[in-house]
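# Survey of secondary and tertiary structure
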Amino acid sequence: MTQTSTLDNQIQSLELPIERDQFLRTIIRELAGTLQDVVGIEEAAGFLNVVGYRTGQQVNQIYHHGLQLSNLSREQVTAVLVDWKRRIQGDFYVIEESDEKIVLGNRKCPFAEQVEGREAMCVMTSNIFGAIAADNLGYARVELQDTIARGAKECTVIIHLKPSESLDVFAGQEYFKAY
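Summarised in this report is the structure supplied together with it. (Residues numbered from 1 in each chain as written. Predicted model: local features only at pLDDT ≥ 70, side-chain atom pairs only at ≥ 80, totals over all residues. Heavy atoms only, no water.)

## Things to note about the environment of T26
Here T26 shows up in helix α2 (residues 20–39). On the accessibility criterion, T26 (27% relative accessible area) is partly exposed. (Helix = DSSP H or I, 4+ residues; strand = E, 2+ residues; numbered from the N terminus. Buried < 20%, exposed > 50% of the residue type's maximum accessible area, 1.4 Å probe, protein only.)

Next comes the structure, spelled out in structure tokens:
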């Protein structure tokens, strides 16, 4: 009994980089990587699209409830997107905001180093942003212009709030308000 207790104490006292947040990021990274390797980046992004969109709907409802509002203005949507990323340890900030688009920068990915080389993980952000913006403003097209996952120093995310007049300009994923 004493040996087990001593062994348990020895193991418990180790300073190891193991904790829940790191563990969950690692699981998501490995899931995204496995999907990318097995079915390709486009199909992996498709699977993560569904997860991200559903998560976006839940996050949107949390803010609606917290703010006691049934709909958010553009300014509130922008503030919610930045706040949500802050709460999950991202470092998003507003570059530009107008009736046409919201442009956000990001200095720190919530997935930390786990996102490097895992572009499919970025669709989580796209879908969550798209779900929240479209549900409140009617339409969103999210363009991941630069991403840390693709090797950029910072992310640049453009959330277009009006459909494009030109098909040549199409880039990003479109989202529409679900009625």
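More follows now that the structure is in view.
## Observations concerning the state of the cysteines
One pass over the full model with this rule turns up zero disulfides. This cysteine, C122, is not joined by any disulfide, and C155 carries the nearest cysteine sulfur, 6.0 Å off. Judged by its relative accessible area of 11%, C122 is buried. Judged by its relative accessible area of 10%, C155 falls in the buried class. (Disulfide = S-S within 2.5 Å.)

## Points about the pattern of salt bridges
Applying the stated criterion to the full structure yields eight salt bridges. One salt bridge connects R29 with E30, and the closest N-O pair in it is separated by 4.0 Å. Assessed through its relative accessible area of 18%, R29 is described here as buried. Look at E30 and you get partly exposed, because its relative accessible area is 42%. (Salt bridge = Lys/Arg side-chain N within 4 Å of Asp/Glu carboxyl O.)

## So, the nonpolar core
The biggest cluster of nonpolar side chains holds 21 residues, and the ones touching the most others in it are V77, L81, L104, F129, I132 and I159. Elements with a minimum of two residues in this core: α3 (41–67), α4 (74–87), β2 (101–106), α5 (122–137), β3 (139–146) and β4 (155–160). It is α5 that contributes the most residues to this core, five residues altogether. Setting aside residues no more than four positions away along its own chain, L81 makes contact with L104, F129, I132 and I159. Counting 16 residues, the second largest nonpolar core, distinct from the first, contains V115, A120, C122 and C155. (Core = buried A, V, L, I, M, F, W, Y, C linked by side-chain atoms within 4.5 Å. Contact = heavy atoms within 4.5 Å.)

## Details of a nonpolar patch on the surface
A grouping of L7, I11, L14, L16 and I18 is seen on the molecular surface, where their side chains present a nonpolar patch of about 500 Å² in accessible area. On the basis of relative accessibility, which here comes to 48%, the residue L16 falls in the partly exposed class. (Patch = residues over 30% accessible without salt bridge, like charges linked within 9 Å, V, L, I, M, F, W, Y side chains within 5 Å. Areas by Shrake-Rupley, 256 points an atom, 1.4 Å probe, with all protein chains shown as cover.)

## Quick notes on empty space enclosed by the protein
Tallied over the full model, the rule gives one cavity of 30 Å³ or more. The volume enclosed by the largest cavity comes to roughly 120 Å³. If you go around the largest cavity, you meet 17 residues; those closest to its centre are F92, C109, C122, T125 and C155. Among the secondary structure elements, those contributing two or more residues to the lining of the largest cavity are α5, β3 and β4. Residue composition of the lining of the largest cavity, grouped by class: 12 nonpolar, three polar and two charged. (1 Å grid on protein atoms, 1.4 Å probe; cavity = no way out; pocket = protein on both sides within 12 Å on 5 of 7 lines; lining within 4 Å. Points joined across faces, edges and corners; volume = space filled by probe spheres on them. Nonpolar A, V, L, I, M, F, W, Y, C, P; charged D, E, K, R; others polar.)

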